[in-house]
Amino acid sequence: MDLLEALVRIAWLIGAAGFVIGLMRMSSPATARNGNLLSAAGMAIAIGGTAVLLAARGGAGLTAWIIIAAGIAVGGGLGLYTARTVKMTAMPQLVSLFNAVGGGAAALIAIDDYIRLANLQTFAVNSIPLEISVPTVLDVVIGGITFTGSLIASGKLMGVIPGKPIRVPGGQLVTLAIAAITAIAAVYLWTGAVSIPVLFVIIAASLLFGVTMVLPIGGADMPVVISLLNSFTGTAVAMAGFVLGNDVLIIAGALVGASGAILTKLMADAMNRSVLNIMIGGFGGGEGTVSEGGPEGGSVRSIGMDDAAIQLAYASSVIIVPGYGLAVAQAQHAVRELAELLEDKGVTVNYAIHPVAGRMPGHMNVLLAEANVPYPQLREMEDINPEFDRADVALVVGANDVTNPAARRAGTPVSGMPILDVDHAKSIIVIKRSMGRGYAGIDNELYVNPKTGMLFADAKQGLADLVAAVKAL
Amino acid sequence: MSVELLGALTVFVLAILCGFAVISKVPATLHTPLMSGANSIHGIVLVGSMVIAASATDLLSQILSFVAVAFATMNVVGGYVVTDRMLQMFRRRPTAPARPAEGAAAAATEAPKA
């Protein structure tokens, strides 16, 4: 190892250290941003070192440099543009898209490497060593699944693909068959002849598997799925590291694979679901099942703008429950305005943030922080739930399933999901466009509660009207 | 089993343990940014993509490595910028004016308000 290679390896080591420390710092709100920048700096050093190594080795011709530069320009431009212009509400699907291309890149590395080895013809039959063929196949399989799986997840969140569970014709059987074909082809490559066509069978099967794996999962579970696929990509990248014999790929990939797995479990726990349960079909089990035993046919009470304004203005404590409806209506600024107005009138205002409010854990916090809602007013579920008993008014804006008391009973699609105890408040105002159902596809018993008044309006317009009505009092 | 493979396996296993240890307790608030941050880290696959691009000689290899480099760069750049945009939201104080852009890494300036 000469001096240059040693220096580049040290650059990779610095990069890897940056990732570990960056991730550590991202686990706490105060240091999170700094952690991300540290991780980005590590990335820049690792990539810069690689460029220096390639340049000094002289192995790369002009064409190679043009390919690299063009690839960086195209990918970097697309990444920068989409990341800067995406609306905060649409951010989860963008993360999923970035995850898809990461997994795709990892798979392409193994595919390219395998084709080159197979074409070299210097190997006798059956002689690509196991230490290459094993990670190659794993990389292609995991990377392929991640690529299409993440695209489907992204499509579901964008609404391009319906969010509700989609049954694959043949269901589990097709999935099992694809898995079996992949396994046979993999074993064939590990024990049998060197074969590019068989590699392509594996590629096709993996891409198909990603689709059939994610399609039957309901949109509400997408955050957990994206997190799991993120962990997959990490693992695929580590496998690419084994294929190329590159330590920094192995370290960063394994790091993301492991931390992504933990994060997936944390997210699933927050929704009181098991990861396995979600992957097997999530809410899809009994699509459209109506809960039995609920107060069916209860009447819905609609409430006028002025009534709602009076209730809010003369309350001593109001808890606002924001949901995805608030996010899509871009009503976070309007809700903050209403809250400030009420506070001026001496009302105590808090926000109850369900762990999965919005589309992903923490999504709602980001949106409200964007609207300058003071951080201490954002209260997590365990913290705020006891306070609903003392609250005069709970104002639900665009939240649905996370407030459904049906979750406390067994036998409904939301059973066991932790919910906000909105029904414990003295009165409840729900701003909602219609009686439409939430992601879980069931009616919300909260809406027929005698204490509940429904204010039928778009979240943003409704809040603006409420602000005007409170001001007019 | 070669010495190189053993070394790589050692690194792999230790990095996995490290990943488990780093994410022990995280407030739900940070789940999304953290996932996005981890998502950018696997953009390190760009290093591998550059390596294969550098030695690509035939057309197929060149096409594959071009796509790999573009994909990986999108993952890296987009991942870090979007994560920074998310985290930026947590820091801003209610009365603070919009932050000025600060260098390339913080290219995460506000999206144009519609």
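Residues numbered from 1 in each chain as written. Chains lettered and ligands numbered in written order. Predicted model: local features only at pLDDT ≥ 70, side-chain atom pairs only at ≥ 80, totals over all residues.

Colleague: Requested: an account of helix H2 (residues 31-41) of chain B, with residues and values cited.
Modeller: Along H2(B), 11 of the 11 residues are buried, which leaves the element largely enclosed by surrounding structure. Here H2(B) has its buried residues at His31(B), Thr32(B), Pro33(B), Leu34(B), Met35(B), Ser36(B), Gly37(B), Ala38(B), Asn39(B), Ser40(B) and Ile41(B). (Buried ≥ 20, exposed ≤ 12 C-beta atoms within 10 Å, placed from the backbone. Helix = DSSP H or I, 4+ residues; strand = E, 2+ residues; numbered from the N terminus.)

Colleague: Outline the interface of chain A and chain B, listing residues and values.
Modeller: Contact residues are listed per partner, giving 100 residues for chain A and 81 residues for chain B. For the side of chain A that touches chain B, the secondary-structure elements that each account for two or more residues are helix H1 (3-25), helix H2 (32-57), helix H3 (62-85), helix H4 (91-120), helix H8 (222-244), helix H9 (247-270) and helix H14 (363-370) of chain A. Counting residues per element, the side of chain A that touches chain B draws most heavily on H9(A), which supplies 19 residues. In terms of residue class, the side of chain A that touches chain B is made up of 61 nonpolar, 29 polar and 10 charged. (Contact = placed C-beta atoms within 7 Å. Nonpolar A, V, L, I, M, F, W, Y, C, P; charged D, E, K, R; others polar.)

Colleague: Got a sec to walk through the environment of Leu368(A)? Specific residues and values, please.
Modeller: Residues and elements named next belong to chain A. Structurally, Leu-368 can be placed in helix H14. Residue Leu-368 is classed as buried on the basis of its C-beta count, with 28 C-beta atoms lying within 10 Å. Separated by 42 residues in the primary sequence, Leu-368 and Leu-326 have C-alpha atoms spaced 10.0 Å apart. Those residues in contact with Leu-368 that lie beyond four places of it in its chain are Pro-322, Gln-332, Tyr-351, Val-373 and Leu-378.

Colleague: Account for unusual backbone geometry, with residues named and values stated.
Modeller: Note: most peptide bonds trans; most residues except glycine with negative phi. Residue and element names in this part refer to chain A. One non-glycine residue, Asn-372, lies in the positive phi region at around 65°. Structurally, Asn-372 is set in the loop between H14 and strand S3 (378-380). Accessibility expressed as a C-beta count within 10 Å gives 17 for Asn-372, which makes it partly exposed.

Colleague: Can you tell me about the confidence of the model for chain A, naming the residues and giving the values?
Modeller: For chain A, per-residue confidence averages 85 on the pLDDT scale, and residues scoring 70 or more make up 92% of the total. The low-confidence segment residues 282-297 of chain A, where pLDDT is below 50, has 30 contacts with residues more than four positions distant or belonging to other chains. (pLDDT = per-residue confidence, 0-100.)

Colleague: An account of the sheet that holds strand S6 (residues 452-456) of chain A is requested, with residue identities and associated values reported.
Modeller: Residue and element names in this part refer to chain A. The strand order S3-S2-S1-S4-S5-S6 describes an open sheet built from six strands, whose pairing is parallel. Strands at the two margins of the open sheet, each flanked by one partner only, are S3 and S6. Each adjacent strand pair in this sheet contributes to an overall mean axis angle of 25°, direction not counted. Sheet topology places strand S1 (residues 317-322) next to strand S2 (residues 348-353); four bridges connect them, and they run parallel. Pairing of Ser-317 across the sheet is with Thr-348, part of S2. Sheet contacts for H14: S1, S2 and S3; angle to S2, the most-contacted strand, approximately 145°. (Pairing = 2+ DSSP bridges. Axes fitted to C-alpha atoms, helices over the stretch in contact; angles between N-to-C directions.)

Colleague: I'd like to hear about the packing of H4(A) against H2(B), residue by residue, with values.
Modeller: Axis separation between H4(A) and H2(B) bottoms out at 10 Å; the angle between their running directions is 25°. Judged by the inter-axis angle, H4(A) sits roughly parallel to H2(B). For the crossing formed where H4(A) meets H2(B), the hand is left-handed. On the side of H4(A), the interface is formed by Val95(A), Phe98(A) and Asn99(A), while H2(B) contributes Met35(B), Ser36(B) and Asn39(B). Taken together, the residues of the contact of H4(A) with H2(B) sort by class into three nonpolar, three polar and no charged. (Parallel < 35°, antiparallel > 145°, perpendicular 65-115°, else oblique. Left-handed = near helix turned anticlockwise from the far one by under 90°.)

Colleague: An account of the packing of H4(A) against helix H7 (residues 196-214) of chain A is requested, with residue identities and associated values reported.
Modeller: Residue and element names in this part refer to chain A. Running from N to C, H4 and H7 cross one another at 165°; their axes reach a closest spacing of 10 Å. Taken together, H4 and H7 sit at an angle that is classed as roughly antiparallel. In terms of crossing hand, the pair formed by H4 and H7 is right-handed. Between H4 and H7, the residues in contact are Ile-111, Tyr-114, Ile-115 and Ala-118 and Ile-196, Leu-199 and Ile-203, respectively.

Colleague: Can you tell me about the pairing of S2(A), naming the residues and giving the values?
Modeller: Inspection of the sheet shows S2(A) paired to S3(A) by three bridges, in the parallel sense. From the neighbouring strand, Ala352(A) faces S3(A), where its bridge partner is Arg379(A).

Colleague: A description of the environment of Gln311(A) should follow, citing residues and the corresponding values.
Modeller: All names here are of chain A. By the element assignment, Gln-311 lies in helix H11 (residues 305-313). Classification of Gln-311 by C-beta neighbours within 10 Å gives partly exposed; the count is 19. Ignoring sequence-local partners within four residues, the contact set of Gln-311 consists of Val-393, Ser-427 and Ile-429.

Colleague: How would you sum up H3(A)? Please name residues and give values.
Modeller: What sets the pattern is the α-helix's 3.6 residues per turn: residues three or four places apart point alike. Its 24 residues give H3(A) an end-to-end C-alpha distance of 34 Å, which sits within 8% of 34 Å, the value for a rise of 1.5 Å per residue. Where H3(A) is concerned, the buried positions are Ala64(A), Ile67(A), Ile68(A), Gly71(A), Ile72(A), Gly75(A), Gly79(A), Leu80(A) and Ala83(A). (Expected span 1.5 Å × (residues − 1).)

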